[in-house]
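Chain and residue survey
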Amino acid sequence: MKKILTAVLSLALLTLQFIMPVCAEEKGSAVFVNQNVISQINTEDYNLEDSSIRKTETGIAIDRIYKDQNVVYDPLTGEYTEAYVYSVKYIDDEELKSTSKSMLLRALTETGHPQFFHDSIVTNVIYKYTQSYGTDNIKYYRLNSLTYSIAAVYDGFVVTDSYLEIANNGIGNTTTVMGKRSKSHLGTATSGTIYGNSSWTPTISLDDSTWTTATRFYIQIDARRGSNSNYSDYWIRPFH
């Protein structure tokens, strides 16, 4: 965690060299809030897993990933259930000029409950998987389902499409397994579920640099603000 915050702060300070640090009211008016999803993540059990900042064509994006520490295991089926919250905050170049240094640093380093961040887009992901062990006690995963829900949308954004995909590609026990995937475009729907197949051979993922053939899930969010501002964000969770 210290390494994450150190890297984030270093990049934040570099970004702030180009920002006029004047006082401003924090933006964050809710356009859409899914109360059912918010109630599901209304817990203090979510811990910050990752935080990063990157430059976009029109400003910066701050990405945060939180994991629910309560992993549910069903001994009858051998299935695990885990949950994540993925949030992204877009700040346009014009907004950066009216954003104070302290407010930006708070947005980058805050580690409290995800529902209170008032990011641009907040989503909730629940996935189920089973695992087995191959030769030399190597662990293999089978992804069974992924349920995605939009928790909240702020700052005038509209989600135009959410793309979900789970893949059991990668290295099998004896052969390379390809094409074991399920995918779906949700369009403007605020939630959806995709399922795996019990016939998929359990696999272990390749390294992150070859994620296109890894055992992983992939989520892409496309959003719009106004008539000319389009944004796209994605999150990959590889299984090792």
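On a predicted model such as this, the values are computed, not experimentally measured, just so you know.

Looking at the side chain of Asn144
Mapped onto the elements, Asn144 comes out in strand β7 (residues 139–154). At 3.0 Å, the side chain of Asn144 and the side chain of Glu79 are in polar contact. In this structure Asn144 touches Glu79, Lys128, Tyr129, Thr130, Ile166, Ile194, Tyr195 and Gly196, once residues within four positions along its chain are discounted.

Concerning the pattern of salt bridges
Counted by the stated rule, this structure contains 10 salt bridges. Two residues, Arg237 and Glu82, come together in a salt bridge whose shortest N-O distance is 3.9 Å. Taken together, the residues span a long stretch of sequence, with Arg237 in strand β14 (residues 229–238) and Glu82 in strand β5 (residues 79–92) at a distance of 155 residues. A single burial state applies to Arg237 and to Glu82, both of which are buried. Between Asp155 and Lys89 there is a salt bridge, with the nearest N and O atoms lying 2.9 Å from each other. In this pair, Asp155 sits in the loop between β7 and β8 (158–168) while Lys89 sits in strand β5, placing the two residues 66 residues apart along the sequence. Overall, Lys89 belongs to the buried group, its relative accessible area being 11%. Several salt bridges converge on common partners, so that one network encompasses Arg54, Asp63 and Asp233.

Topic: the nonpolar core
The biggest cluster of nonpolar side chains holds 31 residues, and the ones touching the most others in it are Leu146, Tyr148, Phe217 and Ile219. For this core, the secondary-structure elements that each account for two or more residues are β3 (59–68), β5, β6 (121–133), β7, β8, β13 (215–225) and β14. Here this core gets six residues from one element, more than from any other, and that element is β7. Counting residues in each nonpolar core, the second largest holds 12 residues, with Ile41, Val85, Ala152 and Tyr154 among its members.

Quick look at the pairing of β7
Every regular strand shows the same layout, with side chains that alternate between the two sheet faces. With 14 of 16 residues buried, β7 lies mostly within the body of the structure. Taken together, the three bridges between strand β1 (residues 30–33) and β7 define a ladder with antiparallel strand orientation. Note that in β7 the partner of Ala30 across the bridge is Tyr154. As paired strands, β6 and β7 are joined by 13 bridges and run antiparallel to one another. Bridge pairing in β7 links Asn124 to Ser149.

Remarks on the packing of aromatic side chains
For the structure on display, the rule yields 17 aromatic pairs. Consider the rings of Tyr141 and Phe239, whose centres lie 5.2 Å apart with planes at 55 degrees: the pair is tilted. Note that Tyr141 is positioned in strand β7 and Phe239 in the segment after β14, a separation of 98 residues in sequence. For Tyr141, a relative accessible area of 12% puts it in the buried group. Aromatic ring contacts, followed pair by pair, group Tyr73, Tyr80, Tyr84, Tyr86, Tyr127, Tyr129, Tyr141, Phe217, Trp235 and Phe239 into a single cluster. One residue, Arg237, lies across the ring of Phe239, its end atom 4.4 Å from the ring centre.

Some thoughts on the sheet that holds β13
Read across the sheet, four strands follow the order β11-β8-β13-β14 without closing on themselves; strand pairing throughout is antiparallel. Bordering the open sheet on either side are β11 (181–185) and β14, each of which pairs with just one other strand. Each strand of the sheet is rotated relative to its neighbour by a mean of 10 degrees, with strand direction disregarded. In terms of strand pairing, β8 meets β11 through five bridges, oriented antiparallel. From the neighbouring strand, Glu165 faces β11, where its bridge partner is Lys183.

The rules behind each value
Residues numbered from 1 in each chain as written. Predicted model: local features only at pLDDT ≥ 70, side-chain atom pairs only at ≥ 80, totals over all residues. Heavy atoms only, no water. Helix = DSSP H or I, 4+ residues; strand = E, 2+ residues; numbered from the N terminus. Polar contact = N/O pair within 3.5 Å; in protein donor to acceptor, adjacent residues only side chain to side chain. Contact = heavy atoms within 4.5 Å. Salt bridge = Lys/Arg side-chain N within 4 Å of Asp/Glu carboxyl O. Buried < 20%, exposed > 50% of the residue type's maximum accessible area, 1.4 Å probe, protein only. Core = buried A, V, L, I, M, F, W, Y, C linked by side-chain atoms within 4.5 Å. Pairing = 2+ DSSP bridges. Phe/Tyr/Trp six-rings, centres within 6.5 Å; stacked < 30°, edge-to-face > 60°. Lys NZ or Arg CZ within 6 Å of the ring centre and 35° of its normal. Axes fitted to C-alpha atoms, helices over the stretch in contact; angles between N-to-C directions.

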